[in-house]
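Below are the chains, spelled out letter by letter.
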Amino acid sequence: MPLLRIELDSDKQTARRILRLYQSGQLHRESRDAAREGVWRRGRTPAAEPVFVGITNGEPARLIYDVEVHPDTT
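Scoring rules and cut-offs
- Residues numbered from 1 in each chain as written.
- Predicted model: local features only at pLDDT ≥ 70, side-chain atom pairs only at ≥ 80, totals over all residues.
- Heavy atoms only, no water.
- Helix = DSSP H or I, 4+ residues; strand = E, 2+ residues; numbered from the N terminus.
- Rg over C-alpha atoms; globule rule 2.2 N^0.38 Å.
- Buried < 20%, exposed > 50% of the residue type's maximum accessible area, 1.4 Å probe, protein only.
- Areas by Shrake-Rupley, 256 points an atom, 1.4 Å probe, with all protein chains shown as cover.
- Lys, Arg positive; Asp, Glu negative; His and termini not counted.
- Charge placed at Lys NZ, Arg CZ, Asp CG, Glu CD.
- Phe/Tyr/Trp six-rings, centres within 6.5 Å; stacked < 30°, edge-to-face > 60°.
- Contact = heavy atoms within 4.5 Å.
- Core = buried A, V, L, I, M, F, W, Y, C linked by side-chain atoms within 4.5 Å.
- Expected span 1.5 Å × (residues − 1).
- Arc of directions from axis to C-beta.

Q: Let's hear about the overall build of the protein: which residues, and what values?
A: For the protein, the count of helices and strands is two helices and three strands. Ordered by position from the N terminus, the helices and strands of the protein form the series β-α-α-β-β. On C-alpha atoms alone, the protein measures out to a radius of gyration of 12 Å, which is about the 11 Å that the 2.2 N^0.38 rule sets for 74 residues. Burial statistics for the protein: of 74 residues in total, 36% are counted as buried. In the structure as shown, the protein presents an accessible area of about 4700 Å², 47% of it carried by carbon and sulfur atoms. The average position of the 12 basic charges and that of the 11 acidic charges among the side chains of the protein differ by 4 Å.

Following this line, the structure appears as structure tokens:
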């Protein structure tokens, strides 16, 4: 399945907190749901749950998710 990379704006403090959550094996449902919504906004259909990849070091900080999408949607 193709992957779609979604980047969500955040502030550095929140991004680091979410990174620590994922490193400890927990989820951050709000950002995961926002990543899924980002896929829908781009006209694609998610095929699986978003996978947290990491955060950027820039300003604003961004949360990075990869989401598998159905190949038959554009």
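Q: Give me the packing of aromatic side chains: which residues, what numbers.
A: Evaluated as defined, the whole model comprises three aromatic pairs. Between Tyr22 and Phe52, the ring centres sit 4.3 Å apart and the planes meet at 10°, which makes this aromatic pair stacked. In this pair, Tyr22 sits in helix H1 (residues 12-23) while Phe52 sits in strand E2 (residues 51-55), placing the two residues 30 residues apart along the sequence. Both residues of the pair, Tyr22 and Phe52, count as buried.

Q: Describe in detail the side chain of Ser31, supporting the description with residues and values.
A: Within the secondary structure layout, Ser31 lies in helix H2 (residues 29-41). By relative accessible area, Ser31 is classed as buried at 5%. Setting aside its immediate chain neighbours within four residues, Ser31 contacts Leu8, Ile18, Tyr22, Leu63 and Tyr65.

Q: An account of the nonpolar core is requested, with residue identities and associated values reported.
A: Among the nonpolar cores identified, the biggest contains 14 residues, and Ile6, Leu8, Val39, Phe52, Leu63 and Tyr65 are the most heavily contacted of them. Residue assignment for this core shows that the elements contributing at least two residues are strand E1 (3-10), H1, H2 and strand E3 (61-68). Residue contributions to this core peak at four residues, all from E3. Leaving out residues up to four positions away in the same chain, Ile6 has contacts with Ala35, Gly38, Val39, Arg42, Leu63, Ile64, Tyr65 and Val67.

Q: Break down H2 for me, with residues and values.
A: With 13 residues, H2 should cover 18 Å at 1.5 Å per step; its first-to-last C-alpha distance of 18 Å lies within 8% of that length. All buried positions along H2 are accounted for by Ser31, Arg32, Ala35, Gly38 and Val39. Along H2, the residues classed as buried sweep out an arc of 110° about the axis, all on the same side. Exposed residues pointing more than 90 degrees away from the buried face of H2 are listed as Arg29, Glu30 and Arg41. If you follow the buried residues of H2, they end up packed against E1, H1 and E3. Gly43 sits one or two residues past H2 and shows a positive phi near 80°.

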